[in-house]
Amino acid sequence: MSFFNEAKFLIKSNIRDYGMYIALFVIMLTFAILTDGLFMSSRNISNLLDSAGYIAVLAVGMTLIIVIRHIDLSVGFVAGFLGAVAAIFLTQIGLSVWLVIPIVLVFGIFIGLFNGFLVAKIGIPSFVATLAGMLIFRGALLNVTESTGTIIVNDDLFNSLGNGFIPSLMEVNGLHLLSLLVGLIGIILYIYSEISNRRNKAKYGFDVISPKIFIFKLVFVSFIIGYITWVLAGYNGFSWTVVIMLLVVVVYHFLSTKTVLGRNIYAVGSNPEAAHLSGINVTKITLIVFGSMGMLAALSGILFTARLQSATTTAGTLFELDAIAAAYVGGVSSAGGVGKVTGAIIGAIVMASLSSGMNLLGVGISYQYMIRGGVLAAAVIFDVMTRRQRA
Amino acid sequence: MSDYILEMNGITKEFTGIKALDDVNFKVERGEIHCLIGENGAGKSTLMKVLSGVYPYGTYEGDIVFEGEVQKFNEINDSVKAGIAIIYQELALFPDLTVYENIFAGNEIRKGPFVDWNETIIQASQMLKKVKLNVDPETLIKDLGVGKQQLVEIAKTLSKNVKLLILDEPTAALNENDSENLLELLKELRSQGITCIMISHKLKEVISIADKATILRDGQTVCTLDAHKGEISESVIIKNMVGREIEDIYPKRLDHQFGDTVLEINDWTAYDSQLGREVVKKADIHVKKGEIIGVAGLMGSGRTELALSIFGNPKNYKLQGGMKVQGQPVSFKHTSDAIKAGIAYVTEDRKGNGLFLIKDIKSNVTAAHLKGISARGVLNLNEEVMVGSQYKDSLHIKASSLEQIVGNLSGGNQQKVSLGKWLFTGPKILILDEPTRGIDVGAKFEIYTIMNELIKEGMSIIMISSELNEIIGMSDRIYVMAEGRITGELSKAETTQEAIMELATQ
């Protein structure tokens, strides 16, 4: 097979997986042209990724929730509430950041487990159970912020999670050295894992893509990582938000694709009854997925509070819907069993890119909502069409 | 000159390079019962989908001539309007609506803009009389048995002035009694001038009912047999279906000695708190190493419930009595405990609760035993491919690759994937619930052969089946159930169909 035929075949047979990346690329390119390159400036990309962070971590958890055929509407105000709790611990009780973060994450896990308990053990539909949670935590957020109003957080270490950047070690021609190193390590790890993967497959005697395509893929992905690193290094380097986001993706991607737990989650999503009869504890899996969602909601709350350097009475409003939208743009299916963690992140970045690009272009907020709604609908239509084609 | 109501000439249908139908010719005379026979994947369903407009005109080659006119169906509604109705194996009824609402669903009788419910009920009663179903039209569908639901479905098509009725494996889910009723009804409809095409795997039925039978193999018409010329017989059909002779439907196996008792239940009672009754009553059974135990009984006699109550009790019945596995008393809290103890259960409803239809072959095969391809919770995906291809080869699963989605496989191949999934758990006791339902003779033979190999390796098999032939042909010993009780135990020597039916209807 010639190079182009094979490439064409690969894209065609993986259109569902690649579709999102292509869409993101097209969106970025369009905005870059429309804004004369301003959109792709180091500063804007850095801001864009930071603003996607607290939705992206929610979208990762939400993807798994939707994969097991549930929904969690409470995450927005859980994030808002726990963000406020973090602020109170820091300012009014005076705990150190190193204590506050794990405590708040554990709170999040417990809230998630409680939702999971209602859904899996009591048998309440998740929509209703978490709708109740949404109201309760909205009230709880108001309750803790009622007397003080907005709680200002002065802890620099904490705030750096939302605004700060990893230290630079030294500047090289105005570029951020540590970030460049991180990017380089990323590329090396990527190439190493791809090559060892390929060797492994060859060892088992499986088909692998041709060397030409393989090298092209390596160069292409390395270039993308390199380019993003270079862009970010030109401003302040990697922000802590981006680092946390990457960590969450790497961990969840590994969990969902390479572990027994991940496989069981997808099994429960694609056929709960068959999963039960296959010896999979559906209740346990449901609890774990809701627990993880709660933890990520807490993380989202921490990131948001740190970003605003304060906890507000309205924090978390509509986060859950943004997260659900990002998950669907990222290719999750409400029928269950289908959806990738990496897709959720791309979905969140697509949505953030749209907001950022349209802000730069001065598009009115009313049109922004309409366009984002249109993109969400288009993403789901694309998903449905490609699935029908394959069937 | 014969009077053909339907002629399908030179039908060819391709799916991305694979010919599912290759120049098929199929002619049906007015007023006959015409059976369409073939192995799974032979193209029967595809042919019927072409006929009913599921695959619209233009996506296939060839002509459909119905009532003397070339038809160009663009969608299912077009074929319904022309008078063609298909009843699929999976019934398309609304379980929470009444019988009369179902019969006229989508075809409501109106008075002005409103539905005329009185007229609907009157007409529904007439339709029910036509299909000889004696139930109150206000009964909910979910309260009827499968056999009666099937009759409602037929009543529904009759209400639409059907000329050609197509039934896809109508008796697959029915017990012997209901099956017989249905066949009688089809003969009755024939006398009323309704032409009928029936897809069936049950050769006995074909022989008893068919005027003609057309056999498909690998997407091609092999032959059309005429019963009135005495051409239809079991051996002729099988020979033409598989393209080879099968000496015996049940593979021979050497006599062998059984080992120790591996599974034993005593005074075993399961109470279903949702139904509010005991689904298994004081059952005593034991299974020896290397034995095939048949469990016979009518639908609803508690066979599946017995299996589930043994297999980790996923339906949360209240259990009483004792169970021993290899002499040790056990009680399972979850299906995973049962699997650990070496029990496997291949479900009767492979699409509903057996397989992950949207997932591929390899992840289905490994789903119940991920431990086998993982270390400390981390999967070895290459190992998974090895395991998958091992079972694909040893069970002869026909698929383009291991990555093929299980939902796109034929029934027989799905059943093999389901079997593979459980064999990978390394069971000592394998419970098979209706292992050959809805699959063709060739695949059946393969499953029987596999069963024989498994007992040779020392496995014990409990086989639940509604097909008496299969029970008698394969079992070393048979338990018969009726209304939750074990009403009898028969040895291989004393078993006859009559003996089983007598115990099953106690």
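Residues numbered from 1 in each chain as written. Chains lettered and ligands numbered in written order. Predicted model: local features only at pLDDT ≥ 70, side-chain atom pairs only at ≥ 80, totals over all residues.

**Section: the sheet that holds strand β12 (residues 220-226) of chain B**
Residues and elements named next belong to chain B.
Part 1 of the argument: The strand order across the open sheet formed by six strands is β6-β9-β10-β3-β11-β12, and the pairing between neighbours is mixed. What marks the edges here is a single partner per strand, and that holds for β6 (84-87) and β12. Adjacent strand axes in the sheet meet at a mean angle of 20°, parallel and antiparallel pairs treated alike.
Part 2 of the argument: The sheet contact formed by strand β11 (residues 212-217) and β12 spans six bridges and is antiparallel. (Pairing = 2+ DSSP bridges. Helix = DSSP H or I, 4+ residues; strand = E, 2+ residues; numbered from the N terminus. Axes fitted to C-alpha atoms, helices over the stretch in contact; angles between N-to-C directions.)

**Observations concerning the sheet that holds strand β13 (residues 261-272) of chain B**
Residue and element names in this part refer to chain B.
Part 1 of the argument: Spatially, four strands are ordered β14-β13-β16-β17 in an open sheet, and the strand pairing comes out antiparallel. Two strands lie at the open edges of the sheet, namely β14 (277-288) and β17 (328-330), each paired on one side alone. In this sheet, neighbouring strand axes are inclined to one another by 10° on average, regardless of whether the strands run parallel or antiparallel.
Part 2 of the argument: With eight bridges connecting them, β13 and β14 associate as antiparallel partners. Bridge pairing in β14 links T261 to K288.
Part 3 of the argument: Contacts from helix α9 (residues 303-310) reach β13, β14 and β16 (318-325) within the one sheet, and its direction differs from that of β14 by about 70°. (Contact = placed C-beta atoms within 7 Å.)

**Looking at unusual backbone geometry**
Part 1 of the argument: Positive phi outside glycine occurs at A:Q309, with the angle close to 60°.
Part 2 of the argument: Within the fold, A:Q309 resides in the loop between α13 (282-308) and β4 (310-311).
Part 3 of the argument: Residue B:N316 is not a glycine yet carries a positive backbone phi of 55°.
Part 4 of the argument: Counting through the fold element by element, B:N316 comes out in the loop between α9 and β16.
Part 5 of the argument: What makes B:N316 exposed here is the crowd of 11 C-beta atoms within 10 Å. (Buried ≥ 20, exposed ≤ 12 C-beta atoms within 10 Å, placed from the backbone.)

**Quick word on the nonpolar core**
Part 1 of the argument: Counting residues in each nonpolar core, the largest one holds 175 residues, and the members touching the most others are A:L58, A:A59, A:A348 and B:I431.
Part 2 of the argument: Residue assignment places this core across two domains, with domain 2 (260-342 + 429-439 + 459-506) and domain 3 (350-426) of chain B each supplying three or more.
Part 3 of the argument: The contact partners of A:L58, leaving out residues within four places of it in the chain, are A:V75, A:A79, A:L296, A:A297, A:S300, A:F319 and A:A323.
Part 4 of the argument: Ranked by size, the runner-up nonpolar core spans 69 residues in total, among them B:I87, B:L93, B:L133 and B:I194. (Core = buried A, V, L, I, M, F, W, Y, C linked by C-beta atoms within 7 Å. Domains from an automatic or database assignment.)

**Side note on the UniProt feature "domain: ABC transporter" (unreviewed entry) in chain B**
Part 1 of the argument: The positions that UniProt labels "domain: ABC transporter" (unreviewed entry) are, in the present scheme, residues 6-243 and 263-503 of chain B.
Part 2 of the argument: Structurally, residues 263-503 of chain B comprises 34% helix and 29% strand, and the distance from its first C-alpha atom to its last is 23 Å. (UniProt positions renumbered as here; feature names shortened; annotations may be inferred.)

**Description of the packing of helix α4 (residues 75-93) of chain A against helix α14 (residues 319-329) of chain A**
Residues and elements named next belong to chain A.
Part 1 of the argument: Between α4 and α14, the shortest axis-to-axis distance is 6 Å and the interhelical angle comes to 125°. In terms of axis orientation, α4 runs oblique to α14. Within the contact between the two elements, α4 uses V75, G76 and A79 and α14 uses F319, E320 and A323.
Part 2 of the argument: A class-by-class count of the residues in the contact of α4 with α14 yields four nonpolar, one polar and one charged. (Parallel < 35°, antiparallel > 145°, perpendicular 65-115°, else oblique. Nonpolar A, V, L, I, M, F, W, Y, C, P; charged D, E, K, R; others polar.)

**Things to note about the domain arrangement of chain B**
Residue and element names in this part refer to chain B.
Part 1 of the argument: Taken as a whole, chain B is organised into domain 1 (4-242), domain 2 (260-342 + 429-439 + 459-506) and domain 3 (350-426).
Part 2 of the argument: One C-alpha centre belongs to domain 2, the other to domain 3; they are set 26 Å apart.
Part 3 of the argument: Counting residues at the interface gives five residues for domain 2 and six residues for domain 3.
Part 4 of the argument: When its residues are assigned to classes, the side of domain 2 that touches domain 3 shows four nonpolar, one polar and no charged.

**Regarding the confidence of the model for chain B**
Part 1 of the argument: Chain-level statistics for chain B give a pLDDT mean of 88 and a share of 97% at 70 or above.
Part 2 of the argument: This complex was scored by the predictor with a pTM of 0.81 and an ipTM of 0.85. (pLDDT = per-residue confidence, 0-100.)

**Re the interface of chain B and chain A**
Part 1 of the argument: Opposite the 25 residues of chain B that make contact, chain A presents 21 residues.
Part 2 of the argument: Among the secondary structure elements, those contributing two or more residues to the side of chain B that touches chain A are α10 (335-340), α11 (350-354), β20 (378-379) and α13 (381-394) of chain B.
Part 3 of the argument: Its residues assigned to classes, the side of chain B that touches chain A shows 14 nonpolar, 10 polar and one charged.

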